[in-house]
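Structure at a glance
Next come the chains, spelled out residue by residue.
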Amino acid sequence: MTDHPDLPPSGPLASLGWLDFFAEQREPHETGLVPMRIAMVHRSRLTGLSEAGSVELTLPVHTNTADFAVGDWVLIHPRTRMLHRRLNRRTVLERRLEGSRALQPVAANVDTLFIVTSCNADFNQARLERYLALANQGGANPVILLTKADMATDFDVYRRQAVELQRGLDVVSVNPRLPAAARTLASWCGVGQTVALVGSSGVGKSTLVNTLAGPGQALPQETGGIREHDAKGRHTTTSRSLHAIAGGGWVIDTPGMRTLHVSDAGEGIATLFAEITELAPSCRFRDCTHAHEPGCVVQAAVADGRLNPERLIRWRKLLDENHDNTPASAGPRGRRSVGR
Ligand SMILES: Nc1nc2c(ncn2[C@@H]2O[C@H](COP(=O)(O)OP(=O)(O)OP(=O)(O)O)[C@@H](O)[C@H]2O)c(=O)[nH]1
Ligand SMILES: [Zn+2]
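Residues numbered from 1 in each chain as written. Chains lettered and ligands numbered in written order. Predicted model: local features only at pLDDT ≥ 70, side-chain atom pairs only at ≥ 80, totals over all residues.

Looking now at the overall build of the protein chain. When helices and strands are tallied, the protein chain shows ten helices and 15 strands. For the protein chain, with 340 residues in total, the buried portion stands at 39%. (Helix = DSSP H or I, 4+ residues; strand = E, 2+ residues; numbered from the N terminus. Buried ≥ 20, exposed ≤ 12 C-beta atoms within 10 Å, placed from the backbone.)

Here's what the structure looks like:
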């Protein structure tokens, strides 16, 4: 039933990322429905990928495609291709558009978020921390990819600054233009695994998507994406889609995630700044702001050199931003208890 020539044939469900987590959500009366993975989201259309290939889905009236994200699993009536429902997400990268109360899902069921930055003026710890908060909050494993190391004289400085961002964080150097990049990233890109890419314009995301897709593939940016000229006359990727990685796995480019306003990410921030979060309960006052209070163990850690004072400043800024951007109904400091 393939009717979309641009997307590759997909193979068994497991290779598409299907897990028991999704299978267990099917109700007995839903066994006749076909699971499909959302490969493209358009303003009024959704493209699904099944074991048999890709199809244009039929949508019930009043379906808002903005409620769906690339990577979502949905149940489809096989004869009519009518969308029945979306299955709960295992992980989700989502953001709040400015002035909007609703969170917008950007990519769903992503195992690993590749946060791409080049080793030059683009490198910015505060921005990388925003992406890390997003990955932590959504349940995706973050990995920092350092590009353009071949053009940097002080690569080790960038590397050290990246490693410091979060405990246990994987930091990898890749040149997206070389096939070796695919080998370097292979452990995150196995069969059924899904990765997403975020980062500023020009750091090498599109180049990396092409390298991961491998030779002989139609260029993903020509199949999935609409390339538009931006003000500087440069090509910029503007649509999201799921691309097959040579040898297994799927990659989602997430244009529109270049600038990021953090919201609803209280838990993600707590994970990101674990060294502060873990000290806080030992402060004398339960509501210690770690700014000037007596008996503050966070300030004590700064004083004796165990905690980088810059981290404390950025932690506070990010928490304030998160608080300001998160509607009160989403809970204190954007902490969400359930539900993706
Ligand atoms: N020398 C070198 N060049 C690189 C490296 N990574 C990316 N480039 C080059 O940097 C330029 C920008 O790369 P793109 O892949 O278009 O960047 P992008 O992140 O997709 O940019 P947008 O589509 O605007 O978001 C291209 O000319 C790449 O070949 C690297 O590690 N080393
Ligand atoms: Zn304190």
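Turning our attention to the nonpolar core. The biggest cluster of nonpolar side chains holds 76 residues, and the ones touching the most others in it are V70, L93, A107, V110, L113, I115 and A196. By residue number, the principal contributor to this core is helix α2 (residues 125–138), which donates six residues. (Core = buried A, V, L, I, M, F, W, Y, C linked by C-beta atoms within 7 Å.)

Moving on, we get to the domain arrangement of the protein chain. Here the domain parsing of the protein chain yields domain 1 (13–86), domain 2 (92–253) and domain 3 (266–334). Per element, the largest residue contribution to the side of domain 1 that touches domain 2 is four residues, and it comes from strand β1 (residues 34–41). In terms of residue class, the side of domain 1 that touches domain 2 is built from ten nonpolar, three polar and two charged. (Domains from an automatic or database assignment. Nonpolar A, V, L, I, M, F, W, Y, C, P; charged D, E, K, R; others polar.)

By the element assignment, V163 lies in helix α3 (residues 155–163). Residue V163 is classed as partly exposed on the basis of its C-beta count, with 14 C-beta atoms lying within 10 Å. A C-alpha to C-alpha distance of 8.6 Å links V163 and I144, two positions 19 residues apart in sequence.

This brings us to helix α5 (residues 205–213). Of all the nine residues making up α5, seven are buried; the element is thus mostly covered by neighbouring parts of the structure. Of all the positions in α5, only K205, S206, L208, V209, T211, L212 and A213 are classed as buried. Taken from the residues just after α5, G214 is the one with a positive phi, measuring 85°.

With 17 residues, helix α10 (residues 309–325) extends 25 Å from end C-alpha to end C-alpha; this agrees with the ideal 24 Å at 1.5 Å per step. Against the buried residues of α10 lie α2, α7 (266–272) and α8 (274–279). (Expected span 1.5 Å × (residues − 1). Contact = placed C-beta atoms within 7 Å.)

To continue, consider the site of ligand 1. The full set close to ligand 1 counts 17 residues, and S201, G204, K205, S206 and T207 are the nearest of them. Of all the elements in the fold, those that place two or more residues in the shell around ligand 1 are α5 and β13 (235–237). Among the elements that take part in the shell around ligand 1, α5 stands out by supplying three residues, more than any other. Tallied by class, the residues present in the shell around ligand 1 amount to three nonpolar, ten polar and four charged. (Near = placed C-beta within 6 Å.)

Most of strand β2 (residues 46–50) is tucked away: five of the five residues are buried. Where burial is concerned, the two faces of β2 agree: the one with L46, G48 and S50 and the one with T47 and L49 are both buried. The loop that links β1 with its antiparallel partner β2 comprises four residues. Inspection of the sheet shows β2 paired to strand β3 (residues 53–56) by four bridges, in the antiparallel sense. Note on β3: the bridge partner recorded for G48 is V55. Following β2, the chain reverses through two residues before pairing antiparallel with β3. (Pairing = 2+ DSSP bridges.)

What follows covers the confidence of the model for the protein chain. This prediction gives the protein chain a mean pLDDT of 86; 85% of its residues lie at or above 70. Taken together, the stretch residues 218–238 has pLDDT below 50 and engages in 35 contacts with residues farther than four places along the chain or on a different chain. Below pLDDT 50 for its whole length, residues 332–340 participates in 20 contacts with residues either more than four positions away or in separate chains. Among the prediction metrics, the complex's ipTM stands at 0.85, with pTM recorded as 0.87. (pLDDT = per-residue confidence, 0-100.)

For the rest of this paragraph, the subject is unusual backbone geometry. Within the chain, D264 stands out as a residue other than glycine whose phi angle is a positive 55°. A positive phi is found at H290, a non-glycine position, where the angle reads about 60°. Assignment of secondary structure puts H290 in the loop between α8 and α9 (297–303).

Another aspect to go through is the pairing of β1. With seven of eight residues buried, β1 lies mostly within the body of the structure. Sheet topology places β1 next to strand β4 (residues 73–76); four bridges connect them, and they run antiparallel. The partner of V34 across the bridge, within β4, is I76. As paired elements, β1 and β2 share four bridges and run antiparallel to each other. Bridge pairing in β2 links R37 to L49.

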